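Residue strings, one per chain:
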Amino acid sequence: MSELNNSAPKKGLAQKFDDFKALDARDKRSVIGNWLLDHAMIIIIVLLVIYIQIQRPAFLATASIVNIIQLTASRLPIALGIAGAIILTGTDLSAGRVVGLGAFVAAILLQKTGAVGRFFAVGDPWPVLIVILLVLAVGAIIGFINGFCVAKFKLHPFIVTLATQLITYGLYLTVSSAKQISSLDESYTTNLITAPMFKIGNTPVMMYVALAAIVTVIMWFIWNKTTFGKNMFAVGSNEEAARVSGVNVTAVIIGVFALAGVTYGYTGFVEAARMGASTGTIGLNYELDAIAACVIGGVSFVGGIGKISGVVIGVVLMQLIMSGMTFLGISGSITYVIKGAVILIACAIDMRKYLTKK
Amino acid sequence: MQEPTQLLVMEKVSKSFPGVKALDNVSLTVKAGTVHALMGENGAGKSTLMKCLFGIYAKDDGHIYLEGKEIDFKSSREALDNGVAMVHQELNQALKRSVMDNIWLGRYPKIKGLPIVSEKQMYTDTKKVFEELGINVNPKTIMSTMPVSQRQMVEIAKAVSFNAKVLVFDEPTSSLTEKEVDHLFRIINMLKARGCGIIYISHKMEEILRISDEVTIMRDGQYVATKAAQDLTMNEIIKLMVGRELTNRFPPKEYQVGNEVVLKVENMTAMYSALQNVSFSLKKGEIVGIAGLDGSGRTELLENIFGSANRKEGKLILRGKEIHNRTPKESISNGFAMVTEERRATGIFSIMSIRDNTVISSLKKYLNHHAYLSNKAMAKGTDWSIKAMHIKTPSQSTKIRALSGGNQQKVIFGRWMLTQPEIFLLDEPTRGIDVGAKYEIYQLIMDMAKNGKSVMMVSSEMPELLGVCDRILVMSGGRLAGEVDAKTATQEEIMTLAAKYV
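All figures in this text were calculated on a predicted structure; none of them were measured in a lab.

1. Looking at helix α3 (residues 40-55) of chain A
Okay, so step 1: Here α3 of chain A is 16 residues long and its end C-alpha atoms lie 22 Å apart, about the 22 Å a rise of 1.5 Å per residue gives.
Okay, so step 2: In this structure, the buried residues of α3 of chain A make contact with α2 (25-38), α13 (286-296), α14 (308-327) and α15 (332-352) of chain A.

2. Description of the domain arrangement of chain B
How big an interface is tends to be stated in terms of accessible area lost as the parts join.
Residues and elements named next belong to chain B.
Okay, so step 1: Splitting chain B by domain gives domain 1 (6-242), domain 2 (258-335 + 423-432 + 453-502) and domain 3 (344-420).
Okay, so step 2: Contact with domain 2, which involves eight residues of that partner, is made by seven residues of domain 3.
Okay, so step 3: Between domain 2 and domain 3, roughly 610 Å² of surface is buried when both sides are summed, and carbon and sulfur atoms account for 71% of that area.
Okay, so step 4: Of all residues in domain 2, I332, F424 and P429 give up the largest surface area on contact with domain 3, accounting jointly for 58% of the area buried on that side.
Okay, so step 5: The interface formed by domain 2 and domain 3 contains zero salt bridges.
Okay, so step 6: One can count one residue pair in polar contact (both at pLDDT 80 or more) joining domain 2 with domain 3.
Okay, so step 7: Counting only elements with at least two residues in the side of domain 2 that touches domain 3, the list comes to α10 (328-333) and β19 (423-427).
Okay, so step 8: Across the side of domain 2 that touches domain 3, the residue classes tally to five nonpolar, no polar and three charged.

3. Some points on α15 of chain A
Residue and element names in this part refer to chain A.
Okay, so step 1: With 21 residues, α15 should reach 30 Å at 1.5 Å per residue; the first-to-last C-alpha distance of 31 Å fits that figure.
Okay, so step 2: For α15, every residue scored as buried is listed here: T335, K339, V342, A346, I349 and D350. Projection of α15 onto a plane perpendicular to its axis shows the buried side chains occupying an angular sector of 105°, all on one side. Facing away from the buried surface of α15 by more than 90 degrees, the exposed residues are S333, Y336, V337 and L344.
Okay, so step 3: Those residues of α15 that are buried are in contact with α2, α3, α13 and α14.

4. Some points on the packing of aromatic side chains
All names here are of chain A.
Okay, so step 1: For the structure shown, the criterion picks out 13 aromatic pairs over all chains.
Okay, so step 2: On the basis of an interplanar angle of 90° and a centroid distance of 5.8 Å, the ring pair of F148 and F153 is categorised as edge-to-face.
Okay, so step 3: Residue class for F148 comes out partly exposed when judged on its relative accessible area of 31%.
Okay, so step 4: Between Y169 and Y172, the aromatic rings sit 6.2 Å apart at their centres with planes inclined by 20°, giving stacked as the arrangement. Of this pair, Y169 and Y172 both sit in helix α7 (residues 157-176), three residues apart, which is roughly one turn of the helix.
Okay, so step 5: Given the relative accessible area of 27%, Y169 is considered partly exposed.
Okay, so step 6: Ring pairing ties together the aromatic residues F104, F119, F120, Y169 and Y172, which thus form one cluster.
Okay, so step 7: The ring centre of Y169 lies 3.5 Å from the NZ or CZ of R97, which sits over that ring.

5. Observations concerning the interface of chain B and chain A
Okay, so step 1: With 42 residues of chain B at the interface, the matching set in chain A holds 35 residues.
Okay, so step 2: Of the roughly 3200 Å² buried at the junction of chain B and chain A (both faces included), carbon and sulfur atoms supply 53%.
Okay, so step 3: A per-residue breakdown of the area chain B buries against chain A is headed by K96, R97 and L105 of chain B, which together make up 19% of the total.
Okay, so step 4: Its salt-bridge partner being E119 of chain B, residue K230 of chain A comes within 3.0 Å of it at the nearest N-O pair.

Criteria and thresholds
Residues numbered from 1 in each chain as written. Chains lettered and ligands numbered in written order. Predicted model: local features only at pLDDT ≥ 70, side-chain atom pairs only at ≥ 80, totals over all residues. Heavy atoms only, no water. Helix = DSSP H or I, 4+ residues; strand = E, 2+ residues; numbered from the N terminus. Expected span 1.5 Å × (residues − 1). Contact = heavy atoms within 4.5 Å. Domains from an automatic or database assignment. Buried area = accessible area lost by both parts, 1.4 Å probe. Salt bridge = Lys/Arg side-chain N within 4 Å of Asp/Glu carboxyl O. Polar contact = N/O pair within 3.5 Å; in protein donor to acceptor, adjacent residues only side chain to side chain. Nonpolar A, V, L, I, M, F, W, Y, C, P; charged D, E, K, R; others polar. Buried < 20%, exposed > 50% of the residue type's maximum accessible area, 1.4 Å probe, protein only. Arc of directions from axis to C-beta. Phe/Tyr/Trp six-rings, centres within 6.5 Å; stacked < 30°, edge-to-face > 60°. Lys NZ or Arg CZ within 6 Å of the ring centre and 35° of its normal.

Written out as structure tokens, the structure reads:
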């Protein structure tokens, strides 16, 4: 058997430094270069924050930080859902429109009694708990359909979710007649989702931040501690290997997409309350931001690779960039250019890790 | 002494695919506590038969009995649960996951009463299996960071860990070194002593005769014979496999190596691999073999010469003129050709036709008016290749994946012949190719040399190097350990050199 022992003890810092000193100049340069590239995203964030802070001292004021946290909280669950699809070497384009549909369902069931132009002319708002379960179920059903088509018909997720995106949006438009649904009940909005939990300085932090944290913990648990999570990584890494090892690949794929659907439904529920209304633009292009956040956070399209912490960092970074651009007074149009560039750079750096050097 | 019990009986199993009868009434009986070798050329139906047993394919006809009870597995899961495990020919592993994640995939141990995977138990269980089998690998290592041979051992450990009664090994040694093969055989003997029945599929005769108790031979999807291993010789097996007698395993040499030095390699050192200071020269019409253990830098040497790996230092002198070969493209224009080690991964374009696979390296030759590709010219080139390489194919438009390994390799040889190279770099040119086809590949290599081309050939099979080459360079630990004359050298001599810098 191979004598190569993989369980070499971890080297101490001093040892590492001695190793480094022993290298010739050329190798030293490449070690430093690799370290910089491996940590490039973090270095960029830090430099960016320092730069903006010098330019606009209000950037790191509490109000602004809380704002970034809240924006992150609103976009995190959907990114966590999509990350699963990416780990399976897939993607999910239906996310944004499912969020929109979820927001609509939540809004029509939770309008105030007797509101002007109420969707259902008569009736009271439903109990919030039932509505949230219903919205999650709507997301799960669409996710189930996505997963079913991917697993059973062997279609590429890009195609399947492009189709369900269109279908979902079409259904939403048909039922809603593209009307805005506002006057939402307090039991849903200011008493729940946007209820202030506590204050940092003078700025209240809203309830959905805590909810997002709970969702993140649940997702972390599912990914790392359950059979389902481990199977997801295995299927993403090598589907055939998983199959011959006795994993029910179909169930795993359906499960991942259905779980993603649940996170979209949840996001829809939160978004309608946050915006105070359901409109046709809720959810628009959310999937693209979420996919970008995932790849920035190291969830790789090669499959089988990704961490919850990476997704969180990715979402935070996206929000930091957006918020920073606003602070610097950079126009929205240029923001797109910067977002695109960040995605390209992040992916190029990420890909480097999987290239075998010869 | 008591007769060993019949553990697994496969009776008159048949399986058809559209247009082919892959299995025609094949029977196989495996006794407990024995190793049963299954032999036959590629396409003889060995893997198909095993896939029918394992539930990957549904058999059309026939019966399978395990310990006297009829079985018909619908999925690999069911087979595993019933004590039938298989080490697949293609390594099917989740490379980005850890060793232990791979071993327990599909049956992760849970913390009692909770839906939580117990990492701790996975770790200790893996350690236990490895200790029992004498495998020295950290269960937490990520698969992709380990060499292929270690991944292969992990796959074997996984099959053993199912406590299976019947274990199928499908070409388990194709990427193992001799030392690791010895280790595998110790494991197999241990399983034998436990009363397991082992089905062993391999092309390597020496191995088969060493490890097996009984040998069943198949040909063209049909059962040929089952005999006790001790009554068989290599020549008899070959005769049964190919249905005719192969008097020589290697074609005769009927040419003289020239005196003109074509290529000089000086101080070749790789940037990212262990290859260090390798210098040698290559003559016109010469076949130089490169021997060494897995990971000794054989492949890396070829890759550095061909420019598909990054060079740190080193000089290449072609007919007295220095060349650089910075990229494969540059090397090809300098008259080099390279047949890569892993044919399926880096050799063929499996879903493309034989014609596309043939002309891909010499497309510029088929341009009409320097603008568009001429189908007629490409068909002509491909026709030449099919004839010259004796490729057996129904047509040029057949997808290359439909061909046998030997014929695929011949297509690749033809591809390179069309670029009219001077120097051929061959990395394991006969890996995964059956006996009959190997002979034809050897013939092609010798023909090249006869026509004044120079060949460098990496191989793990020493008889092959001794039979085909003029001279053998032996690599060890990334360095050139020595050089032997193929006419006079022995396997022991080569092995000693190969261990020099380990």
